[in-house]
Amino acid sequence: MSYKLNFILQLVGIFISTLLFFFLSKLFERGMSDYLQPYGGDYFAFVIIGIAITDYLTVSLGSFASEIRNAQMMGTLEALLVTPTSVPTILFSSSLFSFILTSVRIIIYLVYGITIFGLKLHFTSIPLLLMIMCLTILSFTGIGLISAGFIVIFKQGSPLNWIVNTTSGVLGGILYPVSVLPAWLQPFSHLLPITHALEAIRQILLNGKTFSEVYQEVIILIFFCITLLPVGLIFMRYGLSKARKDGSLVHY
Amino acid sequence: MSDIIELHKISKTFIERSWRSVLFRSIPKKTEALKDITLTIKKGEIFGLLGPNGAGKTTLIKILATLIIPDGGAGKIFGYDLIRQSQHIRRIIGLVNMSERSFYWRLTGRQNLNFFAALHNLTGKQKEKRVQTILELVDLEEKAETQFMKYSSGQKQRLSLARALLSNPEILLMDEPTQNLDPIASSTFLKLAVDVLKKKEGKTILWCTHNLREAEDVCSRIAIIHRGAVIESGDLEYMCSLINTESFYEFTIDHCPERTLQEIGITPLRIFRNNGSLDFELQVRSNDVPSLVRQLVENGINVRSCKVKVIELDEVFEKIINRAH
């Protein structure tokens, strides 16, 4: 019963936030902002994609760390670590449900947007879109693993989550285009995977662009994947090894 | 029997670093948990690791379970290196600990076992069959569909054993397995360990406990650990012989004046007079007993009986620990 109620509340929550951004977008309707021109000029379409993809960022950053933290607090961590299954496998499997749920949430956002609020999207490059989504998730996952490693060592909330979430919120182009930012601040936004993920996804969904027009963003996302993912795995292993040396696996 | 666990000079010191010690470069608090532990455990035996609380038993178990990395020394389990081949070791060991928090409380016993079986790479029918076999082995099949939170302490501990047995490991590491159990549940658990795990399944078991009776009941060999060091190890007979050199003997002789005993150099600890006989207790080396009896006989004293006072393992433990201080 509680699971069903939770699901219904989530559906209502998604509808309300979509409604909120729909009304907010009305502000820009008459005097269309120049900043939104590269994205087709519709703020509602712009922001709903931003909000939906941010869900992946939140889940990727938080789920691995929270799985580790829960296992520490509940006391199951040692029982998990004494099995032959590797820690990254355990973390990926236990977070899989969160990723599936987030994907469902994103689909619901888009379904509400299209069916109720008249959102117009181009679904001409679905494979490209899926590839970019995968690259986005893997990039975020790298940061999530670093965060989980931090939790294993320090047993406290990772400051990395806060830093990435805050900088992504301010500089990543979630609620407004990066071009709104002062010129000196804009280069910093390019250091964040979400900036490139959102840019590519918006260009595909809002302007119907193809691979040849977004390949630069794709290359940057691949670069983020091949750097952040190994760094995340190494840091996670380092964290576990340090906790094994300190004998602090079960401390919380 | 071949050695299945070999530990050579394993040591571990825990260093407690606080922000203060880092900032002000003060000396961090160090706890020497294990000092040069050298042990061998043979295939198929139940080896007891005895020691008071805080002696280092759990640290040693966790090192063997690859949950803690030692600072020094070397160790092998089934030929696999304790540090470099930890992944292989996890396939051949099962850990039974006293922590009931290590289960998922809202899941049933079977669901918990299914979850951990998957982590041991068991899938499909093979997983179902193994879980069922194990549930029957630990006598929990009737409670299999009950949520873990509704289990009694004894059932929780049996499920912990079931989990450890999922991968059919060669070695079981048991950390105070009967600590939270009442005497009946404890006795059932001990019987299960000896009759099923040792005799039927041929498992090698490292049994950590501070309960001497329990060790006496299940273990063939024992090591006594105190303040992180093994202070004695050997079979039960050997452990008792350690104080047998100064053992207590109970003599019953025909009545004679106490002075006579003193004249022949016997100073009893206690004397009890009975009708027509004299009982006395003597602390004497076992090797000296025959000559002592001969001496009594030669002085015209009839020796009715001479018995070694039964030594409980508690006494051995206490004596060895006191000697270590």
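Residues numbered from 1 in each chain as written. Chains lettered and ligands numbered in written order. Predicted model: local features only at pLDDT ≥ 70, side-chain atom pairs only at ≥ 80, totals over all residues.

## Quick word on the overall build of chain A
Operational definition: To qualify as a helix, a DSSP run of H or I must reach at least 4 residues; to qualify as a strand, a run of E must reach at least 2; elements of each kind are numbered from the N terminus. This radius of gyration counts C-alpha atoms alone. The globule rule is 2.2 Å times how many residues there are, raised to the power 0.38.
Helices and strands together make up the secondary structure of chain A, namely 9 helices and 0 strands. Moving toward the C terminus, one meets the helices and strands of chain A in the order α-α-α-α-α-α-α-α-α. Here the C-alpha radius of gyration of chain A, 20 Å, is about what a compact globule of 252 residues would show, namely 18 Å. Taking the principal axes of the C-alpha coordinates as reference, chain A spans close to 65 × 45 × 30 Å.

## Some remarks on the interface of chain A and chain B
Definition in use: C-beta atoms are first placed from the backbone for all residues, and any pair lying within 7 Å is then listed as a contact. Note on residue classes: Ala, Val, Leu, Ile, Met, Phe, Trp, Tyr, Cys and Pro are nonpolar, Asp, Glu, Lys and Arg are charged, and everything else, Gly too, is polar.
In this assembly, 16 residues from chain A lie in contact with 18 residues from chain B. When residues of the side of chain A that touches chain B are traced back to their parent elements, those giving at least two are helix H3 (77-81) and helix H9 (211-246) of chain A. In terms of residue count, the dominant contributor to the side of chain A that touches chain B is H3 of chain A (4 residues). In terms of residue class, the side of chain A that touches chain B is made up of 7 nonpolar, 5 polar and 4 charged.

## Points about the nonpolar core
Short version of the rule: Any nonpolar core is a set of buried residues, restricted to Ala, Val, Leu, Ile, Met, Phe, Trp, Tyr and Cys, that join up through C-beta atoms within 7 Å. Working definition of burial: number of other C-beta atoms within 10 Å of the residue's own, with buried at 20 or more, exposed at 12 or fewer, and partly exposed in between, all C-beta atoms being placed from the backbone.
In this structure, Leu-173, Leu-206 and Trp-207 of chain B are the most contacted members of the largest nonpolar core, which totals 129 residues. At 17 residues, the largest contribution of residues to this core is made by helix H2 (residues 43-74) of chain A. In contact with Trp-207 of chain B, other than residues within four places in its own chain, are Ile-46, Phe-47, Gly-48, Leu-49, Met-174, Val-218 and Cys-219 of chain B.

## Digging into the sheet that holds strand S6 (residues 93-96) of chain B
Residues and elements named next belong to chain B. Formally: Two strands qualify as a pair provided that DSSP identifies no fewer than 2 bridges between them. Each axis is a line fitted through C-alpha atoms, taken for helices only over the stretch in contact, and angles between the N-to-C directions span 0 to 180 degrees.
Taken in spatial order, the 6 strands of this open sheet run S6-S7-S8-S3-S9-S10, and their pairing is mixed. Taken across any chain shown, the strands that pair with only one partner, and hence form the sheet edges, are S6 and strand S10 (229-235). Along the sheet, successive strands turn relative to each other by an average axial angle of 15°, direction set aside. Sheet topology note: the strand S9 (residues 221-226)/S10 ladder contains 6 bridges and is antiparallel.

## Brief notes about the domain arrangement of chain B
The condition is simple: Where a domain begins and ends is set by an automatic assignment or by a domain database.
You can read the domains of chain B as domain 1 (3-242) and domain 2 (248-308). The centre of domain 1 of chain B, based on its C-alpha atoms, is set 48 Å off from the matching centre of domain 2 of chain B.

## Quick look at the sheet that holds strand S11 (residues 248-254) of chain B
All names here are of chain B. Strand order in the open sheet formed by 4 strands is S12-S13-S11-S14, with antiparallel pairing between adjacent strands. Each having just a single partner strand, strand S12 (270-274) and strand S14 (303-308) make up the two edges of the open sheet. Geometrically, the sheet is characterised by an average inter-axis angle of 15° between neighbouring strands, direction not taken into account. Both S11 and S14 contribute to a ladder of 5 bridges, which runs antiparallel. Within the sheet, the bridge partner assigned to Phe-251 lies in S14 and is Cys-306. Helix-sheet contacts for helix H11 (residues 289-298) involve S11 and S14, and the interaxial angle to S14 is about 165°.

## Brief notes about helix H4 (residues 87-115) of chain A
Every α-helix carries 3.6 residues per turn, so stepping three or four residues along brings you back to the same face. All names here are of chain A. Selection criterion: Multiply 1.5 Å by the residue count of a helix minus one, and that product is the helix's expected span. For a residue, the bend is simply the angle between two axes, fitted respectively to the seven-residue segment ending there and the seven-residue segment starting there.
With 29 residues, H4 should cover 42 Å at 1.5 Å per step; its first-to-last C-alpha distance of 42 Å lies within 8% of that length. A maximum bend of about 35° is found in H4 at Leu-96. Val-87, Leu-91, Ser-95, Thr-102, Ile-106, Tyr-109 and Gly-113 are the residues of H4 that are buried.

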